[in-house]
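Per-entry structural report
For reference, the chains in residue letters:
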Amino acid sequence: MTHPDPHGEQHERRPPPGVAVRPRSEPRSLRYHDLAGARPIPAGRVLVIGAVALLLAALLNADGMAELATRQPVGWKRDVAKAAVSPFCAIGRVTQLKDARAVIRRAADKESQSCDEEPGAEAFDPAVVATTTTTPAEATAPPIARRTPSAEQPLGVWLGGDSMTIELAQSVTEAVTGRAEIDLTTHPQVSSGLTRPDFFDWPRYFAEEVLPTDPEAVVVMFGANDSQGMEVDGKAFAPSTPEWQEEYRRRVGVIMDQLRGPGRLVLWVGQPHMRDAGFDARMGVLDDIYASEAEGRPWVRFLDSRPVLSPDGEDYQATAADGRSLRQGDGIHLDRDGAAALAEAVVAAVEAEVVGAEPPG
C-alpha cells in the first residue's frame, strides 16, 4: 500500500508485524438472466386466460350484477340490463359458483340479494307489512292520546324520510335542544321513497327499527324521489298514469296503517313547491294523495309545507320577502332558514295534537 509524499514521491506503507493483510475486494458485477431461449406466451392464449378469468368473476358476482341491474330506474334500460345478466345467473345457479358471494357477504354480516329474488316485491303487501292489532278498548279510545310530557316522561318523537328531511331533522333537533320533555330520534335516508323499496325498504325499516321503540309521534316526509317509473304487476308505469297513481296511493295507505299505534300521532309532511314547473306539478299530485289518504285516518295529520315555504304567494320561493333563504340552489331542498321555518311548523303541529297547545298564530 502506498501513500502520497508531500514532495510528490510514492512510498509503500507496510502493516505492522503480526497483522494480517486483508485482500482487496473486487466490485460485484451484475448478472442478467439470459432470455435468448425463452418462449413468449402467445397472444391468443393471453386473451383466452383473460376471458376465462372475467367469466369466472362474472359468475361469482352474478347476484351482485343482478342487484345492480334491478336497482336501475324502471324502464327499457333496466329491462336490457336484467336480460344481459340473466345468462350469468342461470350458469351461476347451475354451477353454484354464485353462491360463493352470498357466503362471503354473510361472513361479513352483509345482506345479499339473489338472482332468484325480486327486491322489494312484497314490501308493500298488506299481508307482509307488520300492523298493530286494535283491541275493542282501543277502538273506542281517542285516536291520538293527549298528555303533558315531562323530563321524567318525555314525549317520544321519531322523524325521518327522504333527503328533504336532512335539513329538517337538523332544524327540529335545534328547536328542541334543551327541552328535556321531548325525546327526538331522526333518520333521513338519501334517495329513498315509496316507489323503489328495492333501494330502501321503508315498511321493513319501520317494522324492525321504529315501531319496536313505540314512539308517541311519527313524522314522515316522502315524495321528492318518488316521481319515477314504478312497476305494477310486472309492468312499468310513468307517474302521470292512473295505474301509477293508484299504486302509489295504495302504498301511502299501507304506510299510514302500518304506523298506527295506540294513541300515536302520524304527521305526514307534504312536499313544498318546486322551482321546475313540471316537477312542481308532479309533487302537487303526491300532496293531494297524502292529504286525501290522511282524511280517512283519524290518527294521521297532513301538514302542508307549501304555505310555510312560499309565505309570500302560491309559487316557488327561493328567498322570502324579509331576506330569509328558504331553498337551496337546486330548487328542491331546504336551505337553513326554510328548514327552520318548517321545523317550527312541525313542532307546533305535534304539540297541538299531543299536548293540546295552540299553534302559534
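Sequence order sets the numbering: in each chain, residues are counted from 1 along the sequence as written. Two thresholds apply to this predicted model, a pLDDT of at least 70 for residue-level local features and 80 or more for giving and counting side-chain atom pairs, whereas whole-chain, interface and lining totals are computed over all residues. Remark: hydrogens and water are excluded; side-chain values derive from all non-hydrogen atoms of the structure.

1. Here's the deal with the pairing of strand E5 (residues 217–221)
Note on classification: 1.4 Å probe, protein chains only; a residue is buried when its accessible area is under 20% of the maximum for its type, exposed when over 50%, partly exposed between these limits. Numbering of helices and strands runs from the N terminus, with a helix taken as a DSSP run of H or I at least four residues long and a strand as a DSSP run of E at least two residues long. Among the five residues of E5, five are classified as buried, and the element is accordingly described as predominantly covered. By the alternation rule, side chains of E5 split into Ala-217, Val-219 and Met-221 and Val-218 and Val-220, which are all buried. The criterion for strand pairing is that DSSP finds at least two bridges linking the strands in question. Sheet analysis places E5 next to strand E8 (residues 265–269), joined by four bridges and oriented parallel. Each residue of the ladder has a partner; that of Val-219, found in E8, is Leu-267.

2. Quick look at the pairing of E8
Summarising burial for E8: five of the five residues are buried, a large majority. Burial along E8 is two-sided: Leu-265, Leu-267 and Val-269 facing one way and Val-266 and Trp-268 facing the other are all buried. Direction of pairing for E8 relative to strand E9 (residues 300–303): parallel, over a ladder of four bridges. Paired with Val-266 across the two strands is Val-300, which belongs to E9. Looking down the strands as they point away from the viewer, one classifies a crossover as right-handed if the path from the first strand across the helix to the second runs clockwise. This β-α-β element, E8 to helix H9 (residues 277–295) to E9, shows right-handed connectivity.

3. Thoughts on the packing of aromatic side chains
Pairing of aromatic rings covers Phe, Tyr and Trp, the last counted by its six-membered ring, and requires centre-to-centre distances within 6.5 Å; plane angles under 30 degrees mean stacked, over 60 mean edge-to-face, and any other angle means tilted. Under the defined criterion, the tally for this structure stands at eleven aromatic pairs. Taking 5.6 Å as the distance between ring centres and 45° as the angle between the ring planes, the aromatic pair formed by Phe-200 and Tyr-205 counts as tilted. The class for Phe-200 is buried, based on a relative accessible area of 16%. Residue Tyr-205 is classed as buried on the basis of its relative accessible area, which comes to 19%.

4. Things to note about the pattern of salt bridges
Side chains carrying opposite charge are able to pair once their charged atoms draw close together. Within this document, salt bridges are pairs made up of a side-chain nitrogen of Lys or Arg and a carboxyl oxygen of Asp or Glu, the two lying within 4 Å of each other. As enumerated under the stated definition, the model contains 16 salt bridges in all. A salt bridge links Arg-249 to Glu-293; the nearest nitrogen and oxygen atoms lie 3.1 Å apart. Taken together, the residues Arg-249 in helix H8 (residues 242–258) and Glu-293 in helix H9 connect sequence positions 44 residues apart. Judged by its relative accessible area of 15%, Glu-293 is buried. Between Asp-322 and Arg-324 there is a salt bridge, and its shortest N-O distance comes to 2.9 Å.

5. Side note on the nonpolar core
In these notes, a set of buried Ala, Val, Leu, Ile, Met, Phe, Trp, Tyr and Cys residues joined through side-chain atoms within 4.5 Å is what counts as a nonpolar core. Core analysis: the biggest nonpolar cluster contains 58 residues, and Phe-206, Tyr-248 and Trp-268 have the highest contact counts within it. Looking at this core element by element, the count peaks at nine residues for helix H11 (residues 336–355). Excluding anything up to four places from it in sequence, Trp-268 contacts Leu-194, Val-220, Phe-222, Val-252, Ile-255, Met-256, Tyr-290, Val-300, Arg-301, Phe-302 and Leu-303. Pairs of residues are marked as contacts when any of their non-hydrogen atoms sit within 4.5 Å.

6. Concerning the packing of H8 against H9
For any two helices packed against each other, one specifies the crossing angle of their axes together with the interaxial distance. Remark: H8 packs on H9, axes separated minimally by 10 Å, with the N-to-C direction vectors making an angle of 45°. Put simply, H8 runs oblique to H9. Like other packed secondary-structure pairs, H8 and H9 cross with a definite hand, here right-handed. In contact with Trp-244, Gln-245, Tyr-248, Arg-249, Val-252, Gly-253 and Met-256 of H8, H9 contributes Val-285, Leu-286, Ile-289, Tyr-290, Ser-292, Glu-293 and Ala-294. Under the scheme applied, nonpolar residues are Ala, Val, Leu, Ile, Met, Phe, Trp, Tyr, Cys and Pro; charged residues are Asp, Glu, Lys and Arg; polar residues are all the others, including Gly. Residue classes in the contact of H8 with H9 are distributed as nine nonpolar, three polar and two charged. Angular values range over 0 to 180 degrees, each being the angle between N-to-C directions of two axes fitted as lines to C-alpha atoms, with helices fitted over their stretch in contact. In this scheme, roughly parallel covers angles under 35 degrees and roughly antiparallel covers those over 145, while 65 to 115 is roughly perpendicular and the rest are oblique. With the far helix as reference, a near helix turned anticlockwise by less than a right angle produces a left-handed crossing, and one turned clockwise produces a right-handed crossing.

7. Things to note about unusual backbone geometry
Phi at Ser-191 is positive, roughly 65°, even though this residue is not glycine. Judged by relative accessible area, which is 41%, Ser-191 ranks as partly exposed. At Asp-214, a residue that is not glycine, the phi angle is positive and equals roughly 55°. Within the fold, Asp-214 resides in the loop between helix H7 (202–210) and E5.

8. So, helix H6 (residues 165–176)
Expected helix span is computed as 1.5 Å times (number of residues minus one). Under the 1.5 Å per step criterion, the end-to-end length of H6 is 16 Å for twelve residues, consistent within 8% with the ideal 16 Å. Taken together, the buried positions of H6 are occupied by Thr-165, Glu-167, Leu-168, Ala-169, Ser-171, Val-172 and Val-176. Those residues of H6 that are buried are in contact with strand E3 (155–161), strand E4 (182–188), E5 and H11. Remark: Gly-178 follows H6 within two positions and exhibits a positive phi of approximately 90°.

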